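Here is how the chains run, residue by residue.
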Amino acid sequence: MTAQIECRDLWKIYGPKSKQAMEAVLKDGLSKEEVRDQFDCVLGVRNASFSVQKGEIFCIMGLSGSGKSTLLRHVNRLIEPTSGEIHVAGERVDTMGAADLRRLRAETIGMVFQHMALWPHRTLGENVGFGLEVRGMGPDARRDAAQRALEAMDLKGWIDHYPDQLSGGMQQRVGLARALAADPEILLMDEPFSALDPLIRRQLQDQFLELSKTVRKTTLFITHDLDEAIRMGDHIAIMNDGEIVQTGTPEEIVTNPKDDYVAEFVKGISRAGLVHAETIMEPLNGRGPTAKTIRVGADLAAIIDQFMEDQEPLTVTCPEGKPAGLITIKSALTALRG
Amino acid sequence: MDLWDIFDTEWVPIGPWVEQFLQWVVNNFRFIFQAIKVPFDIVLTGLEDGLTGAPDLLMLAIISLVAWQAGGRKLGLIAAACLGSIGLMGAWEESMTTLSIVLTCVVFCSAIGIPLGVVAAKRDRFWYFLQPLLDLMQTIPSFVYLVPIVMLFSIGNVSGVIVTFIYALPPVVRLTNLGIRQVRPDMVEAARAFGANDRQTLYKVELPLAMPTIMAGVNQTIMMALSMVVVSSMISVTGLGQMVLRGIGRLDMGLATVGGLGIVFLAIVIDRTSQAMGISARDRGHKKWHETGPIGLIRSLGRKA
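Note that the structure is predicted; figures quoted are calculated from it, not measured.

Participant: How do you make sense of the sheet that holds strand β11 (residues 293–295) of chain A when you look at a structure like this?
Facilitator: Think of a sheet as strands paired side by side through backbone hydrogen bonds, with each pair either parallel or antiparallel. Residues and elements named next belong to chain A. In spatial order, the strands read β11-β12-β13; together these 3 strands make up an open sheet with mixed pairing. Looking along the sheet, the strands with just one partner apiece sit at the ends: β11 and β13 (323–327). Between one strand axis and the next, the sheet turns through 35 degrees on average, direction left out of account.

Here it is, written out as structure tokens:
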């Protein structure tokens, strides 16, 4: 496993005196308010480091104003970092020249926007083929690529239509097709589904997960919805006030929130599909294996199904059949409550 | 000297200063202004020769077809009716001269105003300095700069175009600036995110999206150019304006009315046509311009045959 996207010690301070503010922050560790009062600068991203492995979906979750969209835009440098390093697909992005940066954006990174940002004066084909057009690809090859990308998003036959002739859900599928048209290694998704109604959102999430399984794009996914982050993400980073508060798998975040802020989010999340047998099992401590067993990796929902039949403790077994621990109904219920 | 009547003396002789300065400019730099005239002269002469030289009915047909293409069959009929009325009133030749002056002015206002507006939208500082200049061009009474224009450029139709140009330039600059600034930021961001450079972003995204606003600016420029027709006839610009001016001078109400009506009919035709050109393809149901109007008709006939 190699990191496809890696940001190290990334800072973004907005304002005319951002350089001085940066120095002062590093030296004296000023807070967001102190930076605002002393330098008239806004702290957008504060010392963010994270890495995204090849092929995984990495969610950045936070409320509006937490700096998550700002952080995302550093990856293709739509926003210039004040300080820090950005590595994408083995290239150093933060020191890259303008021409290299445009090549990277057109060939390596696809981006999906919250409000679709489809160009209304262009047909779907022209929208989807834009990245190829600016790279100088001929019209026929462009159209073929656009056609393929649209077909992958179930939009066959719409290539000569215009964005305003489509529903919101279809428009965002065009947005996805546009991001995928140049077959980039990396996808940046800025709250792609949050402007859609819940049912369509669910459908698009499923469609995207399905697609991810086959094409395995490294994806950085922004959302303000923890449920969505848990559904989509292999890893989740939680942001607050420009800072990454906690990074981990969905299970780590839900079972072990680092502070009150994260705990507050995690409260309402259903844990049945997130917590696994090995997390809640107790050591055997001499107790013999019981009649009923369950495998390592089974989730809480499966464990509860077992307890619905009878309340005898379950033995957790490794794949090779060795008993690893014991789950009682009490520990299962405790885990469910959180 | 009586302190109470201090202003009886001219303390700051702005008038003589300006006169001296202008005289100095005329004596030393007249060749520059004569050179500025050349491009205006070429375009104007070409247009005027074409419009007045062509057979009247052919010209009427061409303009009506252009109006039909731009704004549909109804506008084509309106244009034919307006131009027909002008012709029947006996003001055809004059109206073609006026049309060529207005069109020349539009060509130069667009060619200079749209780039200025684009730069102004990109550079706040430039816009900051340009704004008062545009205000000045729009508010200073045109009579004031008629005299220096005549001294620098002499009289005639070309000078008329230059006077009109100064007066009619601001709206296209302002509305281009506005149109570019109003393009949704995420549209521009998306273009950059897919690897477009500044030029590609401008031509493929910003200008097309700003086009309805820019065309509204061009339309305003045309209307302002038309409103200068009578004023500019004072520096012996020919055309409909001159009819009105002569009518006023001789108290010939008939002549002034013919000139005035001619201006109104001409204004209707070019206002409607230029407005129709500004309607985006989106609002026309995504039909390309060549799929409608007489050209669309010919093309579909061609396919059938």
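Participant: It is not clear to me how the pattern of salt bridges should be interpreted in this structure. Could you clarify?
Facilitator: Here the idea is simple: oppositely charged side chains can pair when their charged atoms come close. All names here are of chain A. Considering all chains together, one arrives at 23 salt bridges over all chains under this definition. With a shortest N-O distance of 3.1 Å, Arg103 and Glu91 are connected by a salt bridge. Pair noted here: Arg103 is in helix α4 (residues 98–107) and Glu91 is in strand β5 (residues 91–92), with a separation of 12 residues, a long-range link. On the basis of relative accessibility, which here comes to 22%, the residue Arg103 falls in the partly exposed class. Note that Asp94 is salt-bridged to Arg92, the shortest N-O span being 2.8 Å. Residue Asp94 is classed as buried on the basis of its relative accessible area of 15%. The structure contains a network of salt bridges with shared partners spanning Glu6, Arg8, Glu85, Arg92 and Asp94.

Participant: What's the story with the interface of chain A and chain B in this structure? I'm lost.
Facilitator: For interface size, the figure often reported is the accessible area lost on association. Counting residues at the interface gives 27 residues for chain A and 20 residues for chain B. When chain A packs against chain B, close to 2200 Å² is buried across both sides, 60% of that on carbon and sulfur atoms. When residues of chain A are sorted by the area they lose upon contact with chain B, Trp119(A), His121(A) and Val134(A) head the list and together hold 23% of the total. Where chain A meets chain B, there are 2 salt bridges. A salt bridge links Arg73(A) to Glu189(B), with the shortest nitrogen-to-oxygen separation between them at 2.5 Å.

Participant: Help me understand the sheet that holds strand β7 (residues 186–190) of chain A in this model?
Facilitator: Residue and element names in this part refer to chain A. With mixed pairing, 6 strands are arranged side by side in an open sheet as β6-β7-β8-β3-β9-β10. The open sheet has two edge strands with one neighbour each: β6 (109–112) and β10 (243–248). Between one strand axis and the next, the sheet turns by 15 degrees as a mean value, whatever way the strands run. Bridging between β7 and strand β8 (residues 218–223) involves 5 bridges; their strand directions are parallel. Considered in β8, the bridge of Leu187 is made with Thr219.

Participant: For this particular structure, what's the right way to read unusual backbone geometry?
Facilitator: Backbone phi values are negative for most residues with the exception of glycine, while trans is the configuration of most peptide bonds. Residues and elements named next belong to chain A. Positive phi outside glycine occurs at Asp40, with the angle close to 60 degrees. Along the chain, the position of Asp40 falls in the loop between α2 (32–39) and β2 (42–53). With a phi angle near 60 degrees, Asp154 is a residue other than glycine that sits in the positive phi range. On the secondary structure map, Asp154 appears in the loop between α7 (139–152) and α8 (168–180). Residue Asp154 is classed as exposed on the basis of its relative accessible area, which comes to 54%.

Participant: Looking at this model, I keep getting lost on the packing of α8(A) against helix α9 (residues 198–215) of chain A. Mind explaining?
Facilitator: The packing of two helices is summarised by the inter-axis angle and the distance between the axes. Residues and elements named next belong to chain A. α9 packs onto α8 with a crossing angle of 25 degrees between their chain directions and a minimal axis gap of 10 Å. With respect to each other, α8 and α9 are oriented roughly parallel. Considering how the two elements wind past one another, α8 and α9 form a crossing that is right-handed. On α9, the residues touching Gly169, Gln172, Arg173, Leu176 and Leu180 of α8 are Ile200, Leu204, Gln207, Phe208 and Leu211. Partitioning the contact of α8 with α9 into residue classes produces 6 nonpolar, 3 polar and 1 charged.

Participant: How should I be thinking about the environment of Met96(A) in this particular structure?
Facilitator: Residue and element names in this part refer to chain A. When you line up the elements, Met96 lands in the loop between β5 and α4. Between the alpha carbons of Met96 and Arg337 there is a distance of 49 Å; along the sequence they are 241 residues apart. Setting aside chain neighbours within four positions, we find Met96 in contact with Arg77, Glu91, Leu101 and Leu104.

Participant: Any chance you could explain the environment of Leu132(A) here in plain terms?
Facilitator: Residue and element names in this part refer to chain A. Within the fold, Leu132 resides in helix α6 (residues 130–134). The class for Leu132 is buried, based on a relative accessible area of 10%. With sequence-adjacent residues up to four places away left out, Leu132 is seen in contact with Met137, Arg142, Ala145, Ala181 and Ala182.

Participant: How should the pairing of β13(A) be read in this particular structure?
Facilitator: Each regular strand carries side chains that alternate between the two faces of the sheet. All names here are of chain A. Bridge count for strand β12 (residues 314–317) against β13 is 4 bridges, and the pairing is antiparallel. By the bridge assignment, Thr317 is partnered in β13 with Pro323. Connecting the antiparallel pair β12 and β13 is a turn made up of 5 residues, with Gly321 showing a positive phi of about 105 degrees.

Participant: Before we go on, may I ask you to explain the domain arrangement of chain A in this structure?
Facilitator: Here chain A is described as being made up of domain 1 (52–80 + 95–108 + 184–266) and domain 2 (277–337). The straight-line distance from the C-alpha centre of domain 1 of chain A to that of domain 2 of chain A is 33 Å.

Participant: I would appreciate a short explanation of helix α3 (residues 73–89) of chain B in the present structure.
Facilitator: Residues and elements named next belong to chain B. In this model, α3 (17 residues) spans 24 Å end to end at C-alpha, consistent with the 24 Å of a helix rising 1.5 Å per residue. Every buried residue of α3 is listed here: Leu75, Gly76, Ala79, Cys82, Leu83 and Ile86. In an axial view of α3, the angular spread of the buried residues amounts to 135 degrees, which keeps them on one side of the axis. For α3, the exposed residues lying more than 90 degrees away from the buried face are Arg73, Lys74, Leu77 and Leu88. Gly90 lies just past α3 and shows a positive phi near 85 degrees.

Participant: Can you walk me through the packing of helix α4 (residues 92–122) of chain B against helix α11 (residues 240–249) of chain B in this structure?
Facilitator: Residues and elements named next belong to chain B. With their axes 7 Å apart at the nearest point, α4 and α11 run at an angle of 120 degrees to one another. As summarised for this structure, α4 and α11 are arranged oblique, according to the angle between their axes. Mapping the contact onto sequence places Glu94, Ser95 and Thr98 in α4 and Leu240, Gly241 and Met243 in α11. For the contact of α4 with α11, the class distribution of residues is 2 nonpolar, 3 polar and 1 charged.

Scoring rules and cut-offs
- Residues numbered from 1 in each chain as written.
- Chains lettered and ligands numbered in written order.
- Predicted model: local features only at pLDDT ≥ 70, side-chain atom pairs only at ≥ 80, totals over all residues.
- Heavy atoms only, no water.
- Pairing = 2+ DSSP bridges.
- Helix = DSSP H or I, 4+ residues; strand = E, 2+ residues; numbered from the N terminus.
- Axes fitted to C-alpha atoms, helices over the stretch in contact; angles between N-to-C directions.
- Salt bridge = Lys/Arg side-chain N within 4 Å of Asp/Glu carboxyl O.
- Buried < 20%, exposed > 50% of the residue type's maximum accessible area, 1.4 Å probe, protein only.
- Contact = heavy atoms within 4.5 Å.
- Buried area = accessible area lost by both parts, 1.4 Å probe.
- Parallel < 35°, antiparallel > 145°, perpendicular 65-115°, else oblique.
- Left-handed = near helix turned anticlockwise from the far one by under 90°.
- Nonpolar A, V, L, I, M, F, W, Y, C, P; charged D, E, K, R; others polar.
- Domains from an automatic or database assignment.
- Expected span 1.5 Å × (residues − 1).
- Arc of directions from axis to C-beta.

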